[in-house]
Amino acid sequence: MSSARHSERFAPSPTGPLHLGHAFSALTGWQNAQVDGGTFLLRIEDIDRSRARPEWESQIFEDLKWLGLDWPQPVLRQSERLPAHQEALENLWKRRIIYPCTCRRRDIQAALSAPQEGVWTTGPDGPVYPGTCRHRHSRTGPLPEGDITLRLDMAAATSATGLLDFTETGQSPRGVTGDISFAPTNLVSSAGDIVLARRDLGTSYHLAVVVDDAYQQITHVTRGQDLFEATYIHVLLQHLLGLPVPVFHHHRLIRDEAGKRLAKRDDARAIAHYRAEGATPGDIRRMIGLETSAGHAKL
Ligand code: GLU
Ligand code: ZN
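Residues numbered from 1 in each chain as written. Chains lettered and ligands numbered in written order. Predicted model: local features only at pLDDT ≥ 70, side-chain atom pairs only at ≥ 80, totals over all residues. Heavy atoms only, no water.

An unreviewed UniProt entry annotates the protein as tRNA glutamyl-Q(34) synthetase GluQRS originating from Algicella marina. According to the UniProt record, the Sequence similarities (unreviewed entry) comment for the protein is "Belongs to the class-I aminoacyl-tRNA synthetase family." (UniProt positions renumbered as here; feature names shortened; annotations may be inferred.)

If you want it as structure tokens, here you go:
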């Protein structure tokens, strides 16, 4: 057991306004950190520079401050971390467990709809990649750079790995919680050869989140249940890269009246929108069930 001080992070992407779901995530992480005198960090996940906007970033700072949160400066931006992400790719490349993929979206769709592929499954990143490039390109020489997708060879990466485990203090959408043990080889069919470097970014959400959580010494990850399935991938990457595995807390999702999960484009549920209408931070807490009208906080 690590004796590291409790350290949480809230890691929004500056690609739209924060909505009630983000408020719930940030306040829950914040509260979890307060319980044992821990730290709450803010990290800006801006690897997708075609979608990230400085205005959204400023709005994030403003909304979170308005909600009553603060965090140490300077704030880490993932776009500054590309050399570290690259270093992790080099490490995996030297072990020959990642490979270049030159498929375009339409090639993958065509391969998936070919009759010999049978029924395809959907993983945390969408349809499981049919493996077209797995043995198409050489894995020797220097790491291929620039404008190329790199995928994890899931079978090769997991074949020598025994059971992995992590602690979940929230729960999965199906109620899985506690000490969770899993066979990483299951990821071959459930997730497949996931992308670790997008050709347009040189990195990916899965790689960046794992490398940067370790860099920031995050001990506890609080986030929505929509990311629960991705956690198996993250724990595998932590194992492969020799990084510590934090404790995870996946919380319920905030839904609209129709039961639909809130999305970035849901401007009507943006914190800024409620603010402009005169809501108080307390009103927001009540809307997301963190406080009753009698003032009792509940998680
Ligand atoms: N950047 C991700 C998002 O906006 C969150 C990543 C995480 O918490 O692991 O949904
Ligand atoms: Zn390919």
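That was the structure; now back to the text.
A. View of the side chain of Glu57. Tracing the backbone through its elements, the reader meets Glu57 in helix H2 (residues 54–66). For Glu57, a relative accessible area of 12% translates into the label buried. When residues no more than four places from it in sequence are discounted, the contact partners of Glu57 are Pro14, Ile44 and Arg77. (Helix = DSSP H or I, 4+ residues; strand = E, 2+ residues; numbered from the N terminus. Buried < 20%, exposed > 50% of the residue type's maximum accessible area, 1.4 Å probe, protein only. Contact = heavy atoms within 4.5 Å.)

B. Region of the structure containing empty space enclosed by the protein. According to the stated counting rule, one finds one cavity of 30 Å³ or more in the structure shown. Taken as a whole, the largest cavity encloses approximately 40 Å³ of empty space. In terms of residue count, the dominant contributor to the lining of the largest cavity is helix H7 (residues 205–215) (three residues). Of the residues belonging to the lining of the largest cavity, the class tally is five nonpolar, one polar and one charged. (1 Å grid on protein atoms, 1.4 Å probe; cavity = no way out; pocket = protein on both sides within 12 Å on 5 of 7 lines; lining within 4 Å. Points joined across faces, edges and corners; volume = space filled by probe spheres on them. Nonpolar A, V, L, I, M, F, W, Y, C, P; charged D, E, K, R; others polar.)

C. Spatial organisation of the coordination of the zinc ion (ligand 2). Around the zinc ion (ligand 2), the donor atoms from the protein are Cys101 (SG), Cys103 (SG), Tyr129 (OH) and Cys133 (SG), and they sit 2.2 to 2.3 Å away. Taken together, the four donor atoms surrounding the zinc ion (ligand 2) define angles of 90 to 126° at the centre, an arrangement classified as tetrahedral. Counting gaps between the donor residues of the zinc ion (ligand 2) yields the pattern C-x1-C-x25-Y-x3-C. Of the two residues, Cys103 is situated in the loop between strand E4 (98–101) and helix H4 (105–113) and Tyr129 in the loop between strand E6 (126–127) and strand E7 (149–152); the sequence distance between them amounts to 26 residues. (Donors = N, O, S within 2.8 Å, 3.2 Å for Na, K, Ca; no water. Tetrahedral: all angles 85-135°; square planar, octahedral: opposite > 155°, others 65-115°.)

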